[in-house]
Amino acid sequence: MTVAPERMDLPYTPEVAAATDHLYASIAKTVTRAEWELYAPYVARIQTLKRERNAVVLAHHYQTQEIYRCVADIVGDSLALAQAAAATDADTIVMCGVHFMAETAKLLSPNKTVLLPDLEAGCSLADSITAADIRALRARHPGAPVVTYVNTSAAVKAESDVCCTSANAVAVVESLGVPKVIFLPDEYLAAYVASKTKVEIVTWKGHCEVHEKFTADEIRELRTMHAGIAVLAHPECPPDVCAEADFVGSTTAMLDYIKGAKPARVAMITECSMAGNLVDAFPEIEFMQPCNLCPHMRRITLPKILRALETMSPQIEIDPAVAAPARRAVERMTQIRRDGAAAA
Ligand code: 13P
Ligand code: SF4
């Protein structure tokens with residue numbers, strides 16, 4: 001899927017420069033002055049509208065730098081964004097992420113306006129499973145609770161006992177105190193969880209179209225080319241990729257690893273915008289990796305964020321009959337502590 005480039009034609013004026021110059025410093029290493037003069041008028045207008053609308057912008061680690069560093073109020077992984085959505089006292093949440101993240105925000109803040117700048121920002125994992133599939137799995141495994149990755153639709157969450165993210169998946173599975181769990185839809189995250197627990201895991205054939213592209217050969221090649229490189233992999237990667245990594249964890253767990261271990265060279269085996277967002281913050285670290293981009297995350301752009309705040313659309317709405325059980329599954333997750341992710 002390709003996303004058509006957008007026209008960015010708001011003028012770069014002295015007023016815009018005065019309002020935004022301090023933000024440019026945070027991305028100056030990787031964004032040219034010419035690019036910045038296209039972004040800055042949007043950044044300035046978005047900042048003004050955020051105040052006028054009492055809006056908060058939440059951005060996932062996979063968003064582009066001009067969004068992540070210059071308009072987001074809170075950045076994080078799927079779990080952190082869900083927690084932030086539940087805690088904010090803003091009237092409006094703008095989700096710079098994908099559809100399931102905006103739905104999760106709406107489930108946790110039903111009385112707030114939740115805007116997703118592009119409703120087409122989907123996810124291959126969310127598309128891989130339906131509510132009917134879960135009912136069929138339950139019939140095949142009577143009594144086994146269903147743990148559902150947040151990368152799913154509200155209708156799928158509504159059929160689940162509890163949700164999880166990659167940051168707390170093992171903790172959620174173990175919190176149930178049962179010998180067998182249906183864990184879906186990510187086959188590879190399920191394999192990672194199975195490697196960390198004695199609980200029997202029944203899974204599904206869903207994959208992240210970004211993480212499934214990484215190969216163990218690529219990692220071995222990286223190690224040959226860059227001696228001493230720390231390889232951090234997301235658990236949505238295939239099991240042979242995770243097995244080659246020094247550390248496996250959610251996007252925030254990878255960030256915490258970097259902050260703690262301060263490796264000289266890092267390969268983050270995940271969506272490559274994440275490393276781009278860290279380059280300026282960690283100038284002493286060399287980031288290198290194969291670059292796989294999520295086309296859904298890329299749908300969110302400054303012009304679309306601005307349009308969303310101007311028009312207060314597109315808004316996320318969830319059928320109340322679906323929202324109530326889906327909310328229960330998400331809230332049950334938020335009551336279980338993040339496990340911090342374990343070393344591979
Ligand atoms: P986390 O940020 O929860 O690690 O998830 C990664 C991802 O692929 C989200 O779409
Ligand atoms: Fe979905 Fe993968 Fe994109 Fe995350 S990176 S939104 S899991 S397709």
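Structure's up top.
The paragraphs below set out a description of the structure included in this document. Treat the numbers as computed from the prediction; the structure is a model and nothing was measured.

1. A short note on the sheet that holds strand β3 (residues 92-96)
At step 1: Spatially, β2-β1-β3-β4 is the arrangement adopted by the 4 strands of the open sheet, whose pairing is parallel. Across the chains shown, the open sheet's two edge strands, defined by having one partner strand only, are β2 (74-76) and β4 (113-115). With direction set aside, neighbouring strand axes in the sheet form an average angle of 20°.
At step 2: Its contacts with the sheet put helix α14 (residues 302-311) on β1 (55-60), β3 and β4, and the angle it makes with β3 is roughly 160°.

2. A closer look at the site of ligand 1
At step 1: Taken together, 13 residues sit near ligand 1, with His60, Ser78, Ser166, His234 and Thr251 positioned nearest.
At step 2: With respect to ligand 1, the side chain of His234 contributes an N or O atom lying 2.7 Å from an oxygen atom.
At step 3: Here an oxygen atom of ligand 1 sits 3.2 Å away from a polar atom, N or O, in the side chain of Glu236.
At step 4: In isolation ligand 1 exposes 300 Å². Once the protein is present, 96% of that is buried.
At step 5: With respect to the detected pockets, ligand 1 is housed in the largest cavity.
At step 6: Partitioning the shell around ligand 1 into residue classes produces 4 nonpolar, 7 polar and 2 charged.

3. Focus on empty space enclosed by the protein
At step 1: The tally for this structure, following the rule as stated, stands at 3 cavities of 30 Å³ or more.
At step 2: Put simply, the largest cavity is a space of about 250 Å³.
At step 3: Residue assignment for the lining of the largest cavity shows that the elements contributing at least two residues are α4 (78-87) and α5 (99-108).
At step 4: Tallied by class, residues from the lining of the largest cavity come to 13 nonpolar, 12 polar and 4 charged.

4. Quick look at the packing of aromatic side chains
At step 1: If you walk through the whole model with that rule in mind, you get 2 aromatic pairs.
At step 2: A ring pair is formed by Tyr24 and Trp36, whose centres lie 5.3 Å apart and whose planes are at 25°; its orientation type is stacked. Placement of Tyr24 in helix α1 (residues 14-24) and of Trp36 in helix α2 (residues 33-53) is noted, with a sequence separation of 12 residues between them. Accessibility classification places Tyr24 together with Trp36 in one group, the buried group.
At step 3: Measuring from centroid to centroid gives 4.8 Å for Phe247 and Tyr257, while their planes differ by 35°, and the two rings are tilted.

5. A short note on the site of ligand 2
At step 1: Surrounding ligand 2, one finds Tyr62, Val98, Cys123, Ser124, Leu125, Asn151, Cys208, Glu209, Val210, Glu236, Cys294 and His296.
At step 2: The site holding ligand 2 turns out to be the largest cavity.
At step 3: Residue composition of the shell around ligand 2, grouped by class: 7 nonpolar, 3 polar and 2 charged.

6. What about the packing of α4 against α5?
At step 1: Look at α4 against α5: their axes get within 8 Å of each other, and the N-to-C directions meet at 35°. Note on packing geometry: the crossing formed by α4 with α5 is right-handed. Residues Ser78, Leu81, Ala82, Ala85 and Ala86 of α4 pack against Phe100, Met101, Thr104, Ala105 and Leu108 of α5.

7. A short note on the packing of α1 against α2
At step 1: Orientation of α1 relative to α2, taken along the N-to-C sense of each, is 110°, at an axis distance of 9 Å. Compared by their axis directions, α1 and α2 come out roughly perpendicular. Residue-level contacts link Val16, Thr20, Asp21, Leu23 and Tyr24 of α1 to Arg33, Trp36, Ala40, Pro41, Val43, Ala44 and Gln47 of α2.
At step 2: Its residues assigned to classes, the contact of α1 with α2 shows 8 nonpolar, 2 polar and 2 charged.

8. Re unusual backbone geometry
At step 1: With an omega dihedral of 0°, the bond running from Leu184 to Pro185 counts as a cis peptide bond.
At step 2: In the segment running from Ser313 into Pro314, the intervening peptide bond is cis, with an omega of -5°.
At step 3: Tracing the backbone through its elements, the reader meets Pro314 in the loop between α14 and α15 (320-334).
At step 4: If you check the backbone angles, Asn54 has positive phi at about 45° while not being a glycine.
At step 5: Counting through the fold element by element, Asn54 comes out in the loop between α2 and β1.
At step 6: Residues other than glycine seldom take positive phi values, yet Met312 does so here, at roughly 55°.
At step 7: Within the secondary structure, Met312 sits in the loop between α14 and α15.

9. Observations concerning α4
At step 1: The buried fraction of α4 is high, at 7 of 10 residues.
At step 2: Inspection of α4 places Ser78, Leu79, Ala80, Leu81, Ala82, Ala84 and Ala85 among the buried residues, and these make up the whole buried set.
At step 3: Lining the buried residues of α4 we find β1, β2, β3, α5 and α15.

10. Describing the state of the cysteines
At step 1: The final tally for this structure, using the stated rule, is 1 disulfide.
At step 2: With its sulfur 1.7 Å from that of its partner, Cys272 forms a disulfide with Cys291. Residue Cys272 is found in the loop between β11 (265-269) and α13 (273-278), and its partner Cys291 is found in the loop between β12 (286-287) and α14; the two are separated by 19 residues along the sequence.
At step 3: On the accessibility criterion, Cys272 (12% relative accessible area) is buried.
At step 4: Cys163 supplies the cysteine sulfur nearest to Cys164, a cysteine that is in no disulfide, at a spacing of 7.5 Å.
At step 5: In this structure Cys237 is not part of a disulfide, and its nearest cysteine sulfur, from Cys242, lies 5.3 Å away.

So, how was this worked out
- Residues numbered from 1 in each chain as written.
- Chains lettered and ligands numbered in written order.
- Predicted model: local features only at pLDDT ≥ 70, side-chain atom pairs only at ≥ 80, totals over all residues.
- Heavy atoms only, no water.
- Pairing = 2+ DSSP bridges.
- Helix = DSSP H or I, 4+ residues; strand = E, 2+ residues; numbered from the N terminus.
- Axes fitted to C-alpha atoms, helices over the stretch in contact; angles between N-to-C directions.
- Contact = heavy atoms within 4.5 Å.
- Near = heavy atom within 4 Å.
- Polar contact = N/O pair within 3.5 Å; in protein donor to acceptor, adjacent residues only side chain to side chain.
- Areas by Shrake-Rupley, 256 points an atom, 1.4 Å probe, with all protein chains shown as cover.
- 1 Å grid on protein atoms, 1.4 Å probe; cavity = no way out; pocket = protein on both sides within 12 Å on 5 of 7 lines; lining within 4 Å.
- Sits in = over half its atoms within 2 Å of the grid points.
- Nonpolar A, V, L, I, M, F, W, Y, C, P; charged D, E, K, R; others polar.
- Points joined across faces, edges and corners; volume = space filled by probe spheres on them.
- Phe/Tyr/Trp six-rings, centres within 6.5 Å; stacked < 30°, edge-to-face > 60°.
- Buried < 20%, exposed > 50% of the residue type's maximum accessible area, 1.4 Å probe, protein only.
- Left-handed = near helix turned anticlockwise from the far one by under 90°.
- Parallel < 35°, antiparallel > 145°, perpendicular 65-115°, else oblique.
- Disulfide = S-S within 2.5 Å.

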